[in-house]
Protein chains: 2
Amino acid sequence: MNSPNTDKPVVVTLSAPEDGPPPGLEPLNAYAHIVHTSDRQGLLDAIADADVLLVTDFRTSLLQEAWPRAKKVQWVHATSAGVDAILFPALTESAVPVTNARGIFDNAIAEYVLGLILSFAKDFMGTFALQRERRWRHRDTERIQGRRALVVGAGSIGRAIARLLKATGLEVAGVARHHREDDPDFGTVHATEALHDLLADADYVVVAAPLTESTRGMFGAGQFACMKPTARFINIGRGPIVQTDALVAALRDGRPGGAALDVFEQEPLPPEHPLWQMPQVIVSAHMAGDFIGWRAALSAQFIDNFQRWRQGQALNNLVDKRRGYGPAHQE
Amino acid sequence: MNSPNTDKPVVVTLSAPEDGPPPGLEPLNAYAHIVHTSDRQGLLDAIADADVLLVTDFRTSLLQEAWPRAKKVQWVHATSAGVDAILFPALTESAVPVTNARGIFDNAIAEYVLGLILSFAKDFMGTFALQRERRWRHRDTERIQGRRALVVGAGSIGRAIARLLKATGLEVAGVARHHREDDPDFGTVHATEALHDLLADADYVVVAAPLTESTRGMFGAGQFACMKPTARFINIGRGPIVQTDALVAALRDGRPGGAALDVFEQEPLPPEHPLWQMPQVIVSAHMAGDFIGWRAALSAQFIDNFQRWRQGQALNNLVDKRRGYGPAHQE
């Protein structure tokens, strides 16, 4: 391993092997000693000297395993919006602050959701299928203006979705843990207790919530049964918020009438999974927020927060580790 | 045929046989004697007594053939935005006013265009193709915020497109026959002379112009050669505005990088046409504006104008027959 040979703080980055080191961290070299690692042994070697951990690989338990050796760590930054996969008990119980990538993916995800809604409304799946068969078949299609969207989750992603859908003429309602009035993006945010009533009115149900103990399995048979047969269910949040088997059964029963899923309980979605070939289902590979340039944008956000840390200022985007999400979700 | 047996004015409707009579005209029965026809002989029989013609079938020359027998016609209404197919010389030269369906399709077409733009940006064609093969493959995709759209045509459809694209964060420029400043939807509308310079800057080029002698064949090899390799070309106006063979060649050369076509020089697009299976081309069946309920909306618009006509008021949506488009295009 590389040992620090200056008195600069040590930043250890943990990436998936296929991703390589985070791009664009070069400006940090003047202020920090950066150690890149992407495997178990590399992390075990590096973590003892780490002052800061920059984690871009959330799908492993490597950090949890190496954590007992992390004696100096003062701050953990996760380059994701959801921090469910990084929060293990020893980290949650420690005094070490965790920050996340709040904001980076918001507008890209909002665009993606709007695109999914328009794909359903304008039947682009049907258009592309007919095109493959060289068949000219006119259809009347749906308007989106005046349709009702229910956004589940009032964090920064849910808010960006709400703003964009409103700008294009949809009526938007929001639901989150706590009821509140006079919300700048939603007007009223309804409490989770109102979910069933809200589901019955919605043309589009968009899950943009963090994965927490409150949201795990939140959508099951009872929730789908409340939806209109014409409603479409969109999940760009986290897979385990949805009971997948219940969703498959509900779609087969025709309620909701369609689904677009970017996240799944098991990722990658296995090739034999029935969702791949269900009519009116759109499957994408956990990519809704990943605009071209997102890795560099994440690094720039980390560098900005690093300068705050170095100068003793309060960190941006602190996660409430017990609740499992950032400040925008906490009200 | 049905002969008028009252002194009510006679409204003759001409529809395509597959469409049937226009729905929702029942409220007119109190004020008019309505004769529905959908074939040559029916029109020849009915037109002599017609005071008003309501034309929903634009793809035939039936009206032109029957026109010499139309001795009483005081008004022709076409239930389309474009009136190119209804304007034959004897009608253009006559004093009979022609009105169109201005406004009915505007917002639906704008939604459709936004959906096409998002389909390109988020690579939904790629997503649907991978889904058919049950393949999980993450891609980074494009943002639409800050991208430049050039709208060709500053009529009511082009304006609706401009407003919606601006609302979702695109930068929008407009081009029409005459330059003007301080346009409420476009800011500056550029004159056609500026087209080549504008094409070089555009990420999305959207054709929303009427088909006239000025716009026929407007997009050919020279125009496509101005575009960026990453630009996408969208035509929801009229097929003959585009030189189709030149577009096919340009797409093969990689400039523009993609196209979405809802209208064609020949409709239906023949099954053997190469456009059907070109990568990065989206083919749809002249349906961009046809939202569920559009036929009833067209009838309601006609009824409203009929009441104006009956009461001697000025008709809405008068077409400039020599220019071939409605008032919003004329400035």
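Worth saying up front: this structure is predicted, and the values here are computed from it rather than measured.

Enquirer: Any chance you could explain the overall build of chain A here in plain terms?
Expert: Of regular secondary structure, chain A possesses ten helices and 13 strands. Taken against the 2.2 N^0.38 rule, which gives 20 Å for 331 residues, the C-alpha radius of gyration of chain A at 21 Å falls within 12% of a compact globule. The principal-axis extent of the C-alpha atoms belonging to chain A is close to 70 × 50 × 30 Å. Here chain A, with 331 residues, has 58% of them falling under the buried criterion. Carbon and sulfur atoms make up 48% of the accessible area of chain A, which amounts to about 13,300 Å² in all. Computed over 33 positive and 38 negative side-chain charges, the separation of the two mean positions in chain A equals 3 Å.

Enquirer: Looking at this structure, how should I read the packing of aromatic side chains?
Expert: Enumeration according to the criterion identifies 25 aromatic pairs over all chains in this entry. With centroids separated by 5.1 Å and ring planes inclined at 55°, the aromatic side chains of Phe219(B) and Phe233(B) adopt a geometry described as tilted. Of this pair, Phe219(B) sits in the loop between β10 (204–207) and α8 (221–226) while Phe233(B) sits in strand β11 (residues 232–235); the two residues are 14 residues apart in sequence, bridging distant segments of the chain. A single burial state applies to Phe219(B) and to Phe233(B), both of which are buried. Directly above the ring of Phe291(A) sits Arg143(B), whose terminal nitrogen or CZ lies 6.0 Å from the centroid.

Enquirer: What should I look at first to understand the sheet that holds strand β6 (residues 148–152) of chain A in this one?
Expert: Across a sheet, strands are paired by hydrogen bonds formed along the backbone, either parallel or antiparallel in direction. Residues and elements named next belong to chain A. Pairing is mixed across the open sheet formed by eight strands, whose spatial order is β8-β9-β7-β6-β10-β11-β12-β13. In this open sheet, the two edge strands, each paired with only one partner strand, are β8 (180–183) and β13 (281–283). Here the strands of the sheet are splayed against their neighbours by 20° on average, with no regard to which way each runs. Two elements, β6 and strand β7 (residues 171–176), share five bridges in a ladder whose sense is parallel. Bridge pairing in β7 places Val 152 opposite Val 175.

Enquirer: I tried to follow the interface of chain A and chain B on my own but got confused; where do I start?
Expert: Many analyses report the size of an interface as the accessible area lost when the parts associate. If you look at the interface, chain A gives 55 residues, while chain B gives 54 residues. Buried area between chain A and chain B, summed over both chains or domains, comes out near 5,000 Å², and the portion from carbon and sulfur atoms is 62%. Where chain A touches chain B, the interface holds 28 residue pairs in polar contact (both at pLDDT 80 or more). At the level of elements, α4 (106–121), α5 (124–132), α6 (156–167), β13 and α10 (294–310) of chain A are the ones that each hand at least two residues to the side of chain A that touches chain B. Broken down by element, the residue count for the side of chain A that touches chain B peaks at nine residues, all from α4(A). Class assignment for the residues of the side of chain A that touches chain B results in 27 nonpolar, 13 polar and 15 charged.

Enquirer: Just checking my understanding: could you explain the relation of the copies chain A and chain B for this structure?
Expert: Copy one and copy two of the chain differ by a rotation about an axis and a translation along that axis. Once chain A is rotated about the relating axis by 180° and shifted along it by 0.0 Å, it coincides with chain B to within an RMSD of 0.0 Å. These values place the two chain copies in the arrangement generated by a two-fold rotation axis. Most of the interface of chain A is mirrored in chain B, where 98% of its interface residues are also at the interface.

Enquirer: Would you explain the environment of Val152(A) in this entry?
Expert: Residues and elements named next belong to chain A. Structurally, the position occupied by Val 152 is in strand β6. Taking the C-alpha atoms as reference points, Val 152 and Thr 215, separated by 63 residues in sequence, lie 10.0 Å from one another. Those residues in contact with Val 152, other than ones at most four positions away along the chain, are Val 175, Leu 195, Val 205, Val 206, Val 207, Ala 208, Ala 209, Met 218 and Phe 219.

Enquirer: How should the sheet that holds strand β2 (residues 33–37) of chain B be read in this particular structure?
Expert: Residue and element names in this part refer to chain B. Strand order in the open sheet formed by five strands is β2-β1-β3-β4-β5, with parallel pairing between adjacent strands. Across the chains shown, the open sheet's two edge strands, defined by having one partner strand only, are β2 and β5 (98–99). Pairing analysis gives two bridges linking strand β4 (residues 75–78) to β5, with the strands arranged parallel. The residue bridging Val 76 from the neighbouring strand is Val 98, located in β5. With respect to the sheet, helix α10 (residues 294–310) is in contact with β1 (10–14), β3 (52–55), β4 and β5, its orientation differing from that of β4 by roughly 165°.

Enquirer: Before we go on, may I ask you to explain the pattern of salt bridges in this structure?
Expert: Two side chains with opposite charge may pair up if their charged atoms get near one another. Scanning the model with the defined rule gives 38 salt bridges over all chains in all. With a shortest N-O distance of 3.0 Å, Lys122(B) and Glu111(A) are connected by a salt bridge. Of the two residues, Lys122(B) sits in the loop between α4 (106–121) and α5 (124–132) while Glu111(A) sits in helix α4, which places them in two different chains. When the shortest N-O distance is used, the salt bridge between Arg135(B) and Glu133(B) registers 3.0 Å. Look at Arg135(B) and you get partly exposed, because its relative accessible area is 40%. Take Glu133(B): its relative accessible area is 48%, and that puts it in the partly exposed class. When salt bridges that share partners are traced, they join Arg159(A), Arg163(A), Arg180(A), Asp183(A) and Asp185(A) into one network.

Enquirer: Even after reading the chapter, I still don't get the confidence of the model for chain A, so can you show me in this structure?
Expert: Note: predicted coordinates in regions of low pLDDT should not be interpreted at a detailed level. Put simply, chain A has an average pLDDT of 94, and 96% of its residues get 70 or more. Our summary of model confidence lists the complex with pTM equal to 0.93 and ipTM equal to 0.93.

Enquirer: What should I look at first to understand the pairing of strand β12 (residues 258–261) of chain B in this one?
Expert: Sheet faces and side chains relate simply in a regular strand, where the side chains alternate between the two faces. Residue and element names in this part refer to chain B. Burial along β12 is two-sided: the face carrying Gly 258 and Ala 260 and the face carrying Ala 259 and Leu 261 are both buried. Alignment of β11 against β12, held across four bridges, turns out to be parallel. Note that in β12 the partner of Asn 235 across the bridge is Leu 261. As a crossover connection, the stretch from β11 through helix α9 (residues 244–252) into β12 is right-handed. Pairing of β12 with strand β13 (residues 281–283), which is carried by three bridges, proceeds in the parallel orientation. Paired with Leu 261 across the two strands is Val 283, which belongs to β13.

Enquirer: Got a minute to help me understand the pairing of β4(B) in this structure?
Expert: Residue and element names in this part refer to chain B. Neither face of β4 is left uncovered, since the one carrying Trp 75 and His 77 and the one carrying Val 76 and Ala 78 both have all their residues buried. Pairing between β3 and β4: four bridges, direction parallel. Each residue of the ladder has a partner; that of Leu 54, found in β4, is His 77.

Enquirer: I keep staring at α4(B) and nothing clicks. Help me out?
Expert: Side chains three or four residues apart in an α-helix point the same way, a direct result of the helix having 3.6 residues per turn. All names here are of chain B. The terminal C-alpha atoms of α4 lie 23 Å apart, and with 16 residues this matches the ideal 22 Å at 1.5 Å per residue to within 8%. The element α4 is extensively covered by neighbouring structure, given that 15 of its 16 residues are classed as buried. Positive phi shows up at Asp 123, right after α4, with a value of about 55°.

Enquirer: Help me understand the nonpolar core in this model?
Expert: A general feature of soluble globular proteins is that nonpolar side chains tend to end up buried together. The biggest cluster of nonpolar side chains holds 88 residues, and the ones touching the most others in it are Ile161(A), Ile234(A), Ile236(A), Ile161(B), Ile234(B) and Ile236(B). Contacts of Ile161(A), omitting those with residues within four sequence positions, involve Ile109(A), Ala110(A), Val113(A), Val151(A), Val206(A), Ala208(A) and Ile236(A).

Enquirer: Please explain the packing of α4(A) against α5(B) as it appears in this structure.
Expert: The angle between the axes and the distance between the axes are what describe a pair of packed helices. Packing of α4(A) against α5(B) leaves a shortest axis separation of 12 Å and a crossing angle of 70°. The angle between α4(A) and α5(B) places the two elements in the roughly perpendicular class. Like other packed secondary-structure pairs, α4(A) and α5(B) cross with a definite hand, here right-handed. On the side of α4(A), the interface is formed by Tyr112(A), Gly115(A), Leu116(A) and Ser119(A), while α5(B) contributes Phe124(B), Thr127(B) and Phe128(B). For the contact of α4(A) with α5(B), the class distribution of residues is four nonpolar, three polar and no charged.

Calculation notes
- Residues numbered from 1 in each chain as written.
- Chains lettered and ligands numbered in written order.
- Predicted model: local features only at pLDDT ≥ 70, side-chain atom pairs only at ≥ 80, totals over all residues.
- Heavy atoms only, no water.
- Helix = DSSP H or I, 4+ residues; strand = E, 2+ residues; numbered from the N terminus.
- Rg over C-alpha atoms; globule rule 2.2 N^0.38 Å.
- Buried < 20%, exposed > 50% of the residue type's maximum accessible area, 1.4 Å probe, protein only.
- Areas by Shrake-Rupley, 256 points an atom, 1.4 Å probe, with all protein chains shown as cover.
- Lys, Arg positive; Asp, Glu negative; His and termini not counted.
- Charge placed at Lys NZ, Arg CZ, Asp CG, Glu CD.
- Phe/Tyr/Trp six-rings, centres within 6.5 Å; stacked < 30°, edge-to-face > 60°.
- Lys NZ or Arg CZ within 6 Å of the ring centre and 35° of its normal.
- Pairing = 2+ DSSP bridges.
- Axes fitted to C-alpha atoms, helices over the stretch in contact; angles between N-to-C directions.
- Contact = heavy atoms within 4.5 Å.
- Buried area = accessible area lost by both parts, 1.4 Å probe.
- Polar contact = N/O pair within 3.5 Å; in protein donor to acceptor, adjacent residues only side chain to side chain.
- Nonpolar A, V, L, I, M, F, W, Y, C, P; charged D, E, K, R; others polar.
- Least-squares fit on C-alpha atoms with pLDDT ≥ 70 in both.
- Salt bridge = Lys/Arg side-chain N within 4 Å of Asp/Glu carboxyl O.
- pLDDT = per-residue confidence, 0-100.
- Right-handed = clockwise from strand over helix to strand, strands pointing away.
- Expected span 1.5 Å × (residues − 1).
- Core = buried A, V, L, I, M, F, W, Y, C linked by side-chain atoms within 4.5 Å.
- Parallel < 35°, antiparallel > 145°, perpendicular 65-115°, else oblique.
- Left-handed = near helix turned anticlockwise from the far one by under 90°.

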